[in-house]
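# Structure at a glance
Letter by letter, the chains look like this.
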Amino acid sequence: MRTLFLLFLLLGGSLAHADTLAELRRLLATLDGVDPISAKLGFTHSQSRKDDTTDDRKPATVGADVGADAQGVRMSFARRTLDTAIAEARQTDPEARRPVSGALAEVRVTDVDEYLSAAPKLLATLERARVLEDKAGTWHGQPARVLRLKLDPPLSKRDRKYVKKLDASARIWLAANGVPLAAEQDFVLSGRALLVVNFESSTKESFEFQRRGDRLVVVRHRRADTSSGGGESGTRRIDVRLTLAPQTSQAPVDSR
């Protein structure tokens with residue numbers, strides 16, 4: 001009888017976790033990102049590499065006006081930013097630093113699209129997730145529900161030949177209405193390439209969300225990548241901020 005009671009408790013906890021995840025998936029499926037939106041984007045990028053020499057690059061920040069609607073995604077950079085990137089690209093010194101052009105190369109329209117409509121990607125991630133813990137917590141002082149997840153990211157056949165260990169986890173903070181407030185992801189993998197080269201890499205990411213109409217928007221994204229192998233190591237960091245434009249309301253039409 002005691003064994004059956006313990007089994008009931010375990011199954012009850014698992015079902016509760018499954019319900020929480022199912023509710024979150026249903027909510028995210030409604031945030032299809034059709035409403036028009038616009039924002040100011042600030043993108044900071046830095047990268048360093050270490051081998052027989054040390055190359056520490058100072059962070060570079062670029063800004064853009066971004067927007068999305070049913071027609072697609074728009075990005076607009078200031079003329080001054082583009083002129084700086086072009087001047088850097090024209091330098092003939094192979095050792096010259098090119099921070100602005102390097103940062104611009106990292107601003108991808110597909111990433112901007114996912115910032116402005118984050119629900120589809122988050123939903124895809126949760127399809128291969130399992131809840132390890134579901135508890136009450138806080139986010140910046142406000143009550144929140146915290147889910148700790150085990151992730152199972154897919155690997156291609158080629159990657160599975162080289163990756164020997166992969167550990168992926170996440171945490172999500174949910175508001176009282178179930179809308180995600182923030183999330184963190186951690187990926188650590190190691191393996192061997194070409195039979196003799198061992199490699200390791202890790203990625204830490206954090207996201208802050210804001211709901212705007214039928215969109216879940218990433219208003220802050222920070223990512224740090226580290227890697228080592230073959231006697232070299234390197235780091236790459238990005239810090240993205242989106243400031244949403246105020247919502248405008250149409251004036252009522254006078255039908256007189």
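This section reports on the structure supplied with the text. Along each chain, numbering runs from 1 in the same order as the chain's sequence is written. Per-residue local features of the predicted model are confined to residues with pLDDT of at least 70, and side-chain atom pairs are confined, for both listing and counting, to 80 or more; whole-chain, interface and lining totals are unaffected and use all residues. Values shown for side chains rest on all heavy atoms present in the structure; no hydrogens or waters enter the calculation.

### Regarding the pairing of strand β6 (residues 142-151)
Strand residues, when the strand is regular, have side chains that alternate between the two faces of the sheet. For the record, the criterion: Two strands pair if DSSP finds at least two bridges between them. In this description a helix means any DSSP run of H or I spanning at least four residues, a strand means any run of E spanning at least two, and both kinds are numbered starting from the N terminus.
As defined by bridge partners, strand β5 (residues 129-139) adjoins β6 across 10 bridges and the pair is classed as antiparallel. For Trp139, the partnering residue across the bridge sits in β6 and is Gln142. The antiparallel pairing of β5 with β6 creates a hairpin that spans two residues between the two strands, and His140 there sits at a positive phi of about 50°.

### Looking at the packing of helix α2 (residues 79-89) against helix α3 (residues 99-106)
This is how the line gets drawn: To get an axis, fit a line to the C-alpha atoms, keeping to the stretch in contact for a helix; angles then go from 0 to 180 degrees between the N-to-C directions. Should an angle fall under 35 degrees it is taken as roughly parallel, and over 145 as roughly antiparallel, whereas 65 to 115 is taken as roughly perpendicular and any remaining angle as oblique. Each crossing gets its hand from how the near helix is turned against the far one by less than a right angle, where anticlockwise is left-handed and clockwise is right-handed. Only heavy atoms matter for contacts: two residues are in contact if any of them lie within 4.5 Å across the pair. Gly is put with the polar residues, along with every residue not named as nonpolar or charged; the nonpolar set is Ala, Val, Leu, Ile, Met, Phe, Trp, Tyr, Cys and Pro, and the charged set is Asp, Glu, Lys and Arg.
Closest axis-to-axis distance for the α2/α3 pair is 7 Å, and the angle between their directions is 110°. As summarised for this structure, α2 and α3 are arranged roughly perpendicular, according to the angle between their axes. Taken as a pair, α2 and α3 cross one another with a handedness that is left-handed. Contacts from Thr81, Leu82, Thr84, Ala85 and Glu88 of α2 reach α3 at Pro99, Val100, Ser101 and Leu104. Looking at the contact of α2 with α3, its residues break down into five nonpolar, three polar and one charged.

### What to know about the packing of aromatic side chains
The test is simple: A pair of aromatic rings is counted whenever rings of Phe, Tyr or Trp (Trp by its six-membered ring) have centres within 6.5 Å, and the orientation is called stacked for planes under 30 degrees apart, edge-to-face for over 60 and tilted otherwise. Throughout this description, buried means an accessible area under 20% of the type-specific maximum (1.4 Å probe, protein chains only), exposed means over 50%, and partly exposed covers the range between.
Taken as a whole and assessed by the stated rule, the structure comprises two aromatic pairs. Between Trp139 and Trp173 the ring centres are 5.2 Å apart and the planes differ by 45°, which places this aromatic pair in the tilted class. Of this pair, Trp139 sits in strand β5 while Trp173 sits in strand β7 (residues 163-174), and the two are 34 residues apart along the sequence. Residue class for Trp139 comes out buried when judged on its relative accessible area of 18%. Look at Phe207 and Phe209: their rings are 6.2 Å apart centre to centre, the planes differ by 0°, and that puts the pair in the stacked class.

### Topic: the side chain of Gln185
Within the secondary structure layout, Gln185 lies in strand β8 (residues 180-193). Judged by its relative accessible area of 13%, Gln185 falls in the buried class. In this view, Gln185 contacts Thr125, Leu151, Ser169, Ala170, Thr203, Lys204, Glu205 and Phe207; residues no more than four positions away in its chain are not counted.

### Observations regarding the pattern of salt bridges
Using the following cut-off: By salt bridge we mean one thing: a side-chain nitrogen of Lys or Arg within 4 Å of a carboxyl oxygen of Asp or Glu.
Within this structure, the stated rule accounts for 18 salt bridges. Taking the shortest distance from any N to any O, the salt bridge between Arg79 and Asp83 comes out at 3.1 Å. Of this pair, Arg79 and Asp83 both sit in helix α2, four residues apart, which is roughly one turn of that helix. Judged by its relative accessible area of 40%, Asp83 is partly exposed. A salt bridge links Glu106 to Arg108, with the shortest nitrogen-to-oxygen separation between them at 3.8 Å. The class of Glu106 is buried, set by a relative accessible area of 14%. The exposure class of Arg108 is partly exposed, given its relative accessible area of 41%. Through salt bridges with shared partners, a single network forms among Glu106, Arg108, Asp111, Glu205, Arg223, Asp225 and Arg236.

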